[in-house]
Amino acid sequence: QIMCHIVLSNFGLNNLSSVDFTFWRYTLLFLNVLWFLSLLLITITMSPSHLTSLITLETNRTSIQVSFLTSKTLASKTHIFTSNPQLWTEIRPKVKEWMSRDYSLLEKSGPPFWDHELIKHIPEDMVPERKEGEEVISRW
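The model shown is predicted, which means the values in this text are computed figures rather than measured ones.

**Q** How do you make sense of the pattern of salt bridges when you look at a structure like this?
**A** Think of it this way: side chains of opposite charge can pair up when their charged atoms draw near. Under the defined criterion, the tally for this structure stands at five salt bridges. Two residues, Arg92 and Asp125, come together in a salt bridge whose shortest N-O distance is 2.8 Å. Here Arg92, found in helix H6 (residues 92-109), pairs with Asp125, found in the segment after helix H7 (116-119); they are 33 residues apart in sequence, far enough to count as distant. Taking relative accessible area as the criterion, Arg92 reaches 27% and is therefore assigned partly exposed. By relative accessible area, Asp125 is classed as partly exposed at 39%. In this structure, the salt-bridge partner of Asp125 is Lys96, at a minimum N-O distance of 3.8 Å. With Asp125 in the segment after H7 and Lys96 in helix H6, this residue pair connects regions lying 29 residues apart in the sequence. Taking relative accessible area as the criterion, Lys96 reaches 36% and is therefore assigned partly exposed.

What follows is the structure, given as structure tokens:
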């Protein structure tokens, strides 16, 4: 009842008659139950492999780093550049090493995911130095 008063007073409904208060209290209770049942239904019908994305003790930082370190494809590895660089500071040397090894391959093959939107997120120090006479592809 106290929580209901707090919620209703936030909407300027603190001077209600007992009939109005009862209506709003049951309305809030109904909406809470509906929310809980919706979440329960989603959880029950969700594929077990996707359930860990809803309920996990793994932090975003750990998830991003593990995703990069275990990725087998270039496309999945490049997703690290779309995340906050603060979240992968621990593996930055490994990302830099990978970029120095595979940057020219990505540039020459030009896969669909390798577009200007992704390239502009790559830190400048991760782009390897070009040798003299090597074709320069604009980052912008």
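**Q** Please explain the packing of aromatic side chains as it appears in this structure.
**A** The description of two aromatic rings rests on the distance between their centres and on the angle between their planes. According to the stated counting rule, one finds four aromatic pairs in the structure shown. Centre to centre, the rings of Phe81 and Trp98 are 6.3 Å apart; their planes meet at 25 degrees, and the pair counts as stacked. Highlighted residues: Phe81 in the loop between helix H5 (74-78) and H6 and Trp98 in helix H6, separated in sequence by 17 residues. In this structure, Phe81 and Trp98 share a single accessibility class: buried. Summarising the aromatic geometry, the rings of Tyr103 and Trp114 are spaced 5.5 Å apart at their centres and angled 80 degrees between planes, so their arrangement reads as edge-to-face. Taken as a pair, Tyr103 in helix H6 and Trp114 in the loop between H6 and H7 lie far apart in primary sequence, 11 residues in all. The exposure class of Tyr103 is buried, given its relative accessible area of 3%.

Cut-off values and rules
Residues numbered from 1 in each chain as written. Predicted model: local features only at pLDDT ≥ 70, side-chain atom pairs only at ≥ 80, totals over all residues. Heavy atoms only, no water. Salt bridge = Lys/Arg side-chain N within 4 Å of Asp/Glu carboxyl O. Helix = DSSP H or I, 4+ residues; strand = E, 2+ residues; numbered from the N terminus. Buried < 20%, exposed > 50% of the residue type's maximum accessible area, 1.4 Å probe, protein only. Phe/Tyr/Trp six-rings, centres within 6.5 Å; stacked < 30°, edge-to-face > 60°.

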